[in-house]
Amino acid sequence: MDKKKLIVLGGGESGVGAAILAKDKGMEVFLSDMGHVADRYGRILDEEGISWEQGGHTMDIILSADEVVKSPGIPPTADVMRRIAAKGIPVISEIEFAGRYTDAKMVCITGSNGKTTTTMLTYHILKNAGLNVGLAGNVGRSLALQVAREQHEVYVIELSSFQLENMYDFKANVAVMLNITPDHLDRYDYKMQNYVNAKFRILNNLTPCDAFIFWQDDPVIQSQLERITTEANMYPFAREHHDDTHAFVDSDDDLVFDTSGTSLSMPRAELSLNGLHNLYNSMAAGLSACLLNIRKEDIRKALSDFEGVEHRLEFVAEIDGVRYINDSKATNVNSCWYALESMPAAAEPGIVLILGGKDKGNDYSEIEPLVRRKVKTIVCMGKDNTKLLDYFTGKVPEIVDTHSLDEAVKACVAHAKAGDTVLLSPCCASFDLFNSYEHRGDMFKEAVKSLRS
């Protein structure tokens, strides 16, 4: 019998992991990347004896596939994907592929904002409680590689809408939906419902033995739940107690978790993560831990000693009395709203806010009230700042147009005074000037720290 031929598109973390798993399962594997494959991944592929190419696709090879594993970053409108679709070749995600080869429990987390923090926090709780747990998806290492070479008993997986698009038979045991706000609309024909539908694929295949954790006060989630059904047990969380709420803050300002197996509370002041958005992240992570029967004392301890996520409201330095905060992970408007909401109110606006990058169909009206109340200066940082300048001119005391990180930081220094906060919370993707939001955040931190010299 001929070997199954699997083509992997994309030579990053997920693609290389999928290629290794396919090789280990005896498949004929070929990896193709339209761009450049990082040297470390190229070395891994060579060491594993996996055939690969970069800088373009050899379509004769690709179209001979029995199945294709696609990097989540490749849109379905790409020419290679159109040609694969025309040939009728099945396309799946790395997560879907890896799920075929493990019986591990899956805690899967999605949402427009807070995914990484909640994923890392959930992993922190489970790992410190002694579980054999892996971290995968948008954070950690490839799920496929871990399934091939490590085989954990539980995986905590951050899932973007892009990853969910090509998942069909994969099933979560605990599915977490933090929130849904407009994001990546350029990928979804600028139709919000298309984005919502992609997010709700996390409910695919849930059974009565599984759990769905979600923010009870999110209007988009509630509206979608009126249209669809799931067999999973529902575990909503909210700031205030509603009917059937399983995590909430009581009148004593204690965070309460209430499930059939676990009932615990802890003072909200003891949470290591501050801000309303992090309260919800802590609720979701804590509920996940309760449903996995983690001991109460382990949950309390982990919620109180978690150190946070790089590039998300990350304190960088205080220089000449000005605090610099790196929130480069705020790649959409709602994420910036949470960052502004978490900043303490001052007698007068004291935030110098850096916005800009690749606009994804953003509606800035969501942050306008907070900007008017808290922001003294907006520094636009992007190749094209026209939309930001048109929207915010006249709504803040000062607005500055810059086109590089160095220009932006110099403008911040010029406009900030002792007691102010410079907040990089861009609302936009990073790909106009940077390789990734991590690259943008790292460059910002370097630039800020160089101000000391």
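For the structure, see preceding data.
Owing to the predicted nature of the structure, the values given are computational and were not obtained by experimental measurement.

Caption draft 1: Just the overall build of the protein chain, in detail. Of the regular secondary structure elements, the protein chain holds 17 helices and 20 strands. Relative to the compact-globule value of 22 Å for 453 residues, the protein chain shows a C-alpha radius of gyration of 23 Å, a close match. Taken along the three principal axes of its C-alpha coordinates, the protein chain extends 75 × 50 × 45 Å. Scored against the burial criterion, the 453 residues of the protein chain give a buried share of 57%. Accessible surface, the protein chain: about 19200 Å² in total, of which carbon and sulfur atoms supply 47%. The distance from the centre of the 47 positive side-chain charges to the centre of the 65 negative ones in the protein chain is 2 Å.

Caption draft 2: Representation of empty space enclosed by the protein in the model. Summed over all chains, the structure comprises three cavities of 30 Å³ or more. Looking at the largest cavity, its volume works out to about 80 Å³. As for the largest cavity, its lining consists of Asn113, Gly114, Thr117, Leu178, Asn179, Trp215, His277, Tyr280, Asn281, Arg312 and Tyr338. A per-element tally of the lining of the largest cavity places helix α11 (residues 276-291) first, with three residues. Looking at the second largest cavity, its volume works out to about 40 Å³. In terms of lining, the second largest cavity is formed by Met167, Phe170, Lys171, Ala172, Arg201, Ile202 and Asn204. For the lining of the second largest cavity, the class distribution of residues is four nonpolar, one polar and two charged.

Caption draft 3: Inspection of the packing of helix α1 (residues 13-24) against helix α2 (residues 39-48) at higher detail. As a packed pair, α1 and α2 sit with axes 11 Å apart at the nearest point and diverge in direction by 5 degrees. With respect to α2, the axis of α1 lies roughly parallel. Along the contact surface, α1 presents Glu13, Val16, Ala19, Ile20 and Lys23, while α2 presents Tyr41, Ile44, Leu45 and Glu48. Each residue belonging to the contact of α1 with α2 can be placed in one class, and the counts come to six nonpolar, no polar and three charged.

Caption draft 4: Representation of the sheet that holds strand β19 (residues 398-402) within the structure. What the six strands build is an open sheet, ordered β15-β16-β20-β17-β18-β19; its pairing is mixed. What marks the edges here is a single partner per strand, and that holds for β15 (314-319) and β19. Each neighbouring strand pair of the sheet contributes to a mean axis angle of 20 degrees, computed without reference to strand direction. As paired elements, strand β17 (residues 351-355) and strand β18 (residues 375-381) share five bridges and run parallel to each other. Each residue of the ladder has a partner; that of leucine 353, found in β18, is isoleucine 378.

Caption draft 5: Structural detail: the layout of surface pockets. Taken as a whole, the second largest pocket spans an internal volume of roughly 390 Å³. Along the walls of the second largest pocket sit 20 residues, with Asn274, Asn278, Arg312, Leu313 and Glu314 positioned nearest its centre. Of the residues in the lining of the second largest pocket, the class split is seven nonpolar, eight polar and five charged.

Caption draft 6: The arrangement of the environment of serine 160 in detail. One can find serine 160 in the loop between β8 (154-158) and α8 (161-165). According to the relative accessible area criterion, serine 160 is buried, its value standing at 11%. Among residues more than four places away in sequence, those in contact with serine 160 are Thr110, Lys115, Asn138 and Lys199.

Caption draft 7: Region of interest: the state of the cysteines. Scanning the model with the defined rule gives zero disulfides in all. Its sulfur unpaired, cysteine 290 is 18 Å from the next cysteine sulfur, which belongs to cysteine 108.

Caption draft 8: Expanded view of the nonpolar core. Within the largest apolar cluster, 52 residues are counted, with the highest numbers of intra-cluster contacts made by Phe97, Ile157 and Phe212. Considering every element that reaches this core, the biggest residue donor is α1, with six residues. Excluding residues that lie within four positions of it along the chain, phenylalanine 212 makes contacts with Ala175, Met177, Leu203, Leu206, Leu225, Ala232, Asn233, Met234 and Tyr235. Residues Ala247, Met266, Met283 and Ala289 belong to the second largest nonpolar core, which totals 44 residues.

Caption draft 9: View of a negative patch on the surface. Negative charge collects at one region of the surface, where Asp384, Asp401, Asp406 and Glu407 lie side by side. Note that aspartate 401 resides in strand β19. Residue aspartate 401 is classed as partly exposed on the basis of its relative accessible area, which comes to 37%.

What counts and how
- Residues numbered from 1 in each chain as written.
- Predicted model: local features only at pLDDT ≥ 70, side-chain atom pairs only at ≥ 80, totals over all residues.
- Heavy atoms only, no water.
- Helix = DSSP H or I, 4+ residues; strand = E, 2+ residues; numbered from the N terminus.
- Rg over C-alpha atoms; globule rule 2.2 N^0.38 Å.
- Buried < 20%, exposed > 50% of the residue type's maximum accessible area, 1.4 Å probe, protein only.
- Areas by Shrake-Rupley, 256 points an atom, 1.4 Å probe, with all protein chains shown as cover.
- Lys, Arg positive; Asp, Glu negative; His and termini not counted.
- Charge placed at Lys NZ, Arg CZ, Asp CG, Glu CD.
- 1 Å grid on protein atoms, 1.4 Å probe; cavity = no way out; pocket = protein on both sides within 12 Å on 5 of 7 lines; lining within 4 Å.
- Points joined across faces, edges and corners; volume = space filled by probe spheres on them.
- Nonpolar A, V, L, I, M, F, W, Y, C, P; charged D, E, K, R; others polar.
- Axes fitted to C-alpha atoms, helices over the stretch in contact; angles between N-to-C directions.
- Parallel < 35°, antiparallel > 145°, perpendicular 65-115°, else oblique.
- Contact = heavy atoms within 4.5 Å.
- Pairing = 2+ DSSP bridges.
- Disulfide = S-S within 2.5 Å.
- Core = buried A, V, L, I, M, F, W, Y, C linked by side-chain atoms within 4.5 Å.
- Patch = residues over 30% accessible without salt bridge, like charges linked within 9 Å, V, L, I, M, F, W, Y side chains within 5 Å.
- Salt bridge = Lys/Arg side-chain N within 4 Å of Asp/Glu carboxyl O.

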